[in-house]
Amino acid sequence: MASIPTGEHAAITVPTAAVRDISAYLTDHLAGARAGAPGTTLAILGGAGYGKTHALAHLLTRARQEHRPGVQAVYLDARAATFTAVCRSFLTQIGPGDVRRRLHTLVGADPQAGPETLLRRIAVTTDRSALAVALAMLLRPEREAVAWSWWAGELSSAEAAEHGLPTGTDPQALAMDAASLVAWLYGHSGDHLVVALDDVDRLLTASNRAAETTAELWAQLVESFTAGGAFLAVTGPPELLAQMDERSRQRFGLTLSLPPLHGADIAWFIQQSQHRALGLDTLAPFTPEVAAYLADVTGGVPRRVIRMCFHLYRTAVRAGTRVDYAMVRSVLHEHFDGPAVPSAQAAVARLLGEGGHDYHRCYLIPANGVATPVDFWVSFLDGTERAAGCAVLITESVLKPEAVDDLARRLADIRLAVPDSEAILVVAGHLAPELAAPLAALLATDPILFEPPAFAEEFAEAVTSAIRRLERSVGADAGTAAVDRLHRQQAHLQRMMQQMTDQLDTVHTLVDTELSLVQRAVGPGPAASTVMAGPPGPPGLRPSLLPTRVQEVFLDALDALSGLWRFDVLLGQTFGSTPAPADPRDAGVVHWLLRPGNAAPALATSALLQRLIEAFRTAVEEWYRRRAEHPGSAPERELDRICGVYDTAAGLLPLFELGSLTAFGALASPAAAEPGGRGLFDGLGARVNQAVRAYG
């Protein structure tokens, strides 16, 4: 949501108490801010899916709509986890032209306010004379690009020296000082600067910095913006404040926690959505009772609510009925539980392997004359007289007390068979809030919801804690066990490296196969000039052998990569190879997008991912063709292998880069940019596999 839509395209915001407080705090600051007055900082806290990024979008939209044109609103993403990257992103969005105009205004109003005089008014850590040289260059239009590139860290030492700019300057200090200067210029020109910094916890928990260094850099960053009068809003998880020292916590003027949605909130959201899309003020096919039930089964988490409403509306319209409780449970199972369980199983296996644990998958524990199945059994003291271990149970959504009773019976059987045992419950779906406490009472730890990326850390911590409790209860040598786990970790890493090599070779073969099939299908093709006569179409639109529901799974993923297609169109316009006349401004946009730190990594990831998905789809179509022409020649284990190859290959790609496309306007794809939108690609193999078995 880094590209903030406004007007009729702005996302619908439920007016919870927290949202009203955010709006009021911003309005009060902008209404009372004076030139040269200090700024303030707002912290917005919430768990995964609670709408932290949406809250920032709402805040920036309000700033632009209500106080335009005297407000510059900037969205920053802390995903890169470096203060340098955050400051450079800020500078990129502001641009040199705006800074030069503000400098001219100040210098024109005060002849004594030259670059060196201005810099004496700002707290900087870089040599002031070096910054003064760059400021003087910014005042000259023909030199501004060079000076700005130096500030942004894009000039080599040789290039800097060639233009008379200092070399050897610390890039981090330079970037933070430049951000501080820009904020100061806004604050002293009578305008307002609103900066939204998303996922700030990534900055504060980076493992490559000492805690003291991080705290100092955070203090400098806050000071860089607020000393110039900026309004700084940051988001983070509920435990954000616990990650900070007292000095850092005191820098927040206001801290707000985003609440879960209630039934009335969900009903309001549905009505507003239908009014915008259809012009109808109606709740149908939903009811107030179903809205309240949705709040229960989703825990009121907005992201879950929105996804559920989408699938429920489509299901109800196709069936020509209202949404009822049974339909809610059916949609949960079809679209959330089923695809999530295989993904959870794969994630648990990976984490146990990475942790060096000795584990068995689909393990049977004999108890009361029958075998009790567990998804994973982590062995402890294996091969000794005193057996011990930790069971990992993966379940679908827990919505009824009967599900808790069933889990209680399974846990009792496990403990009867292995008294020295622990158990971890992973819920790959939704957990009704009223059932969380009864489940926790059955376990030593709370149930863990399968919600990447937080799941990996929570699960690894739960396993470590379980092993420590077992060590204490059986009196085992913790040092020996740790050494054994280290050896298994090393062996696991070696196996993974070999598997990655083999699977990348397989993906390469699949891509080559796809290209050869396409070439045979289309023949030699027309001349190049004919091919380039128009822009390429969106990915994924082609005849297919796949059943409709399987094809939809692929199309959803390919549609989310539409930003790559838009970039292809932009390239065609830039080189004049489309029917539309070439616009000289397009070249500048392309050059800007490809500059370091902008859209290049996301576009590269999109291109690789698109080829990977297309190759995957071709392989599945070929599997269907063989099965149709020669029944029995395409066993399901071959489909399992194909889907597994995709999931492993996709896991090697930096999918987190895709979200950064939202910062670049027309390249933004709402599906891929949504927090957690990478889920369209991560686990696609498991979803295709399930769709084939269900509809193929």
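Residues numbered from 1 in each chain as written. Predicted model: local features only at pLDDT ≥ 70, side-chain atom pairs only at ≥ 80, totals over all residues. Heavy atoms only, no water.

Here we look at the overall build of the protein
Along its length, the protein carries 28 helices and 10 strands. Look at the contacts in the protein between residues 6 or more apart in sequence, and 72% of them connect residues 24 or more apart. Here the protein has roughly 32,100 Å² of accessible surface; of this, 56% comes from carbon and sulfur atoms. (Helix = DSSP H or I, 4+ residues; strand = E, 2+ residues; numbered from the N terminus. Contact = heavy atoms within 4.5 Å. Areas by Shrake-Rupley, 256 points an atom, 1.4 Å probe, with all protein chains shown as cover.)

Structural notes on helix α19 (residues 454–474)
Its 21 residues give α19 an end-to-end C-alpha distance of 31 Å, which sits within 8% of 30 Å, the value for a rise of 1.5 Å per residue. Burial in α19 covers these residues: Phe 455, Phe 459, Ala 462, Val 463, Ala 466, Ile 467, Leu 470, Glu 471 and Val 474. (Expected span 1.5 Å × (residues − 1). Buried < 20%, exposed > 50% of the residue type's maximum accessible area, 1.4 Å probe, protein only.)

Some thoughts on the packing of aromatic side chains
For the structure on display, the rule yields 11 aromatic pairs. With centroids separated by 5.2 Å and ring planes inclined at 70 degrees, the aromatic side chains of Phe 554 and Phe 616 adopt a geometry described as edge-to-face. With Phe 554 in helix α22 (residues 548–559) and Phe 616 in helix α25 (residues 600–629), this residue pair connects regions lying 62 residues apart in the sequence. Relative to Tyr 646, the ring of Phe 616 lies with its centre 4.9 Å away and its plane at 15 degrees, an arrangement referred to as stacked. Highlighted residues: Phe 616 in helix α25 and Tyr 646 in helix α26 (residues 636–652), separated in sequence by 30 residues. (Phe/Tyr/Trp six-rings, centres within 6.5 Å; stacked < 30°, edge-to-face > 60°.)

Re the side chain of Thr 41
Examined against the element boundaries, Thr 41 turns out to sit in strand β1 (residues 40–45). For Thr 41, the residues in contact, after removing those within four places along its chain, are Tyr 25, Val 222, Thr 226, Leu 232, Arg 251, Phe 252, Gly 253 and Leu 254.

Things to note about the nonpolar core
Core analysis: the biggest nonpolar cluster contains 55 residues, and Phe 90, Trp 151, Leu 193, Leu 197, Trp 218, Leu 221 and Phe 225 have the highest contact counts within it. Sort the elements by how many residues they give to this core and helix α9 (residues 171–187) lands first, with 11 residues. (Core = buried A, V, L, I, M, F, W, Y, C linked by side-chain atoms within 4.5 Å.)

A word on the packing of helix α7 (residues 141–151) against α9
Close contact between α7 and α9 brings their axes to 9 Å; oriented N to C, the two are set at 120 degrees. Between α7 and α9, the interaxial angle falls into the category oblique. Seen from α7, the contacting residues are Trp 148, Trp 150 and Trp 151; seen from α9, they are Leu 174, Ala 178, Leu 181 and Val 182. Tallied by class, the residues present in the contact of α7 with α9 amount to 7 nonpolar, no polar and no charged. (Axes fitted to C-alpha atoms, helices over the stretch in contact; angles between N-to-C directions. Parallel < 35°, antiparallel > 145°, perpendicular 65-115°, else oblique. Nonpolar A, V, L, I, M, F, W, Y, C, P; charged D, E, K, R; others polar.)

What about the sheet that holds strand β5 (residues 254–257)?
Taken together, the 5 strands give an open sheet; going across it, the order is β2-β3-β4-β1-β5, and neighbouring strands pair in parallel fashion. On the outer flanks of this sheet lie β2 (71–77) and β5, each paired with one strand and no other. Going across the sheet, the axis of each strand differs from the next one's by a mean of 15 degrees, ignoring polarity. Summarising the sheet, β2 and strand β3 (residues 192–198) pair through 7 bridges and their orientation is parallel. (Pairing = 2+ DSSP bridges.)

Quick notes on a nonpolar patch on the surface
Residues Leu 278, Leu 280, Tyr 313 and Val 317 make up a contiguous nonpolar surface patch of about 350 Å² in total accessible area. Tracing the chain through its elements places Val 317 in helix α15 (residues 302–319). (Patch = residues over 30% accessible without salt bridge, like charges linked within 9 Å, V, L, I, M, F, W, Y side chains within 5 Å. Salt bridge = Lys/Arg side-chain N within 4 Å of Asp/Glu carboxyl O.)

A look at helix α1 (residues 17–32)
Here α1 contains 16 residues, and its C-alpha end-to-end distance of 22 Å stays within 8% of the 22 Å for a straight helix at 1.5 Å per residue. Looking only at α1, the buried set comprises Ala 18, Val 19, Ile 22, Ser 23, Tyr 25, Leu 26, His 29 and Leu 30. In an axial view of α1, the angular spread of the buried residues amounts to 160 degrees, which keeps them on one side of the axis. Pointing more than 90 degrees away from the buried face of α1 are the exposed residues Asp 28 and Ala 31. (Arc of directions from axis to C-beta.)

Details of a negative patch on the surface
Judged by side-chain charge, Glu 239, Glu 457, Glu 458 and Glu 461 come together as a negatively charged surface patch. As for its position among the elements, Glu 239 is in the loop between β4 (231–236) and α12 (246–249). (Lys, Arg positive; Asp, Glu negative; His and termini not counted. Charge placed at Lys NZ, Arg CZ, Asp CG, Glu CD.)

Here we look at the pairing of strand β8 (residues 388–395)
Among the 8 residues in β8, 8 count as buried, and that is most of the element. Of the two faces of β8, the one holding Ala 388, Cys 390, Val 392 and Ile 394 and the one holding Gly 389, Ala 391, Leu 393 and Thr 395 are both buried throughout. Pairing of strand β7 (residues 370–380) with β8, which is carried by 5 bridges, proceeds in the antiparallel orientation. Residue pairing across strands places Val 378 opposite Cys 390, the latter belonging to β8. Once the chain exits β8 it traverses helix α17 (residues 401–417) before rejoining the sheet at strand β9 (residues 421–427), and the crossover so formed is right-handed. (Right-handed = clockwise from strand over helix to strand, strands pointing away.)

Examining the environment of Asp 198
Tracing the backbone shows Asp 198 in strand β3. The class of Asp 198 is buried, set by a relative accessible area of 2%. Excluding its chain neighbours within four sequence positions, the residues that come into contact with Asp 198 are Thr 53, Leu 56, Tyr 75, Leu 76, Asp 77, Ala 78 and Thr 235. Within polar-contact distance, the side chain of Asp 198 engages the side chain of Tyr 75 at 2.7 Å. (Polar contact = N/O pair within 3.5 Å; in protein donor to acceptor, adjacent residues only side chain to side chain.)

Thoughts on the environment of Asp 556
Tracing the sequence through the fold places Asp 556 in helix α22. By relative accessible area, Asp 556 is classed as partly exposed at 43%. In this structure the C-alpha to C-alpha distance between Asp 556 and Phe 681, which are 125 residues apart in sequence, comes to 9.5 Å.

Quick word on the pattern of salt bridges
As enumerated under the stated definition, the model contains 10 salt bridges in all. Arg 304 is paired through a salt bridge with Glu 451; the nearest N and O atoms lie 2.0 Å apart. You can see Arg 304 sitting in helix α15 and its partner Glu 451 sitting in the loop between β10 (448–449) and α19, a full 147 residues away along the chain. A relative accessible area of 12% means that Arg 304 is categorised as buried. Taking the shortest distance from any N to any O, the salt bridge between Glu 638 and Arg 641 comes out at 2.9 Å. With Glu 638 and Arg 641 both in helix α26 and 3 residues apart, this pair spans about one turn of that helix.

Comments concerning unusual backbone geometry
A cis amide bond, omega 10 degrees, links Ala 284 with the succeeding residue Pro 285. Within the secondary structure, Pro 285 is located in the loop between α13 (263–278) and α14 (288–298). Here Cys 362, not a glycine, exhibits a phi torsion of approximately 50 degrees, which is positive. For Cys 362, the location among the structural elements is in strand β6 (residues 359–367).

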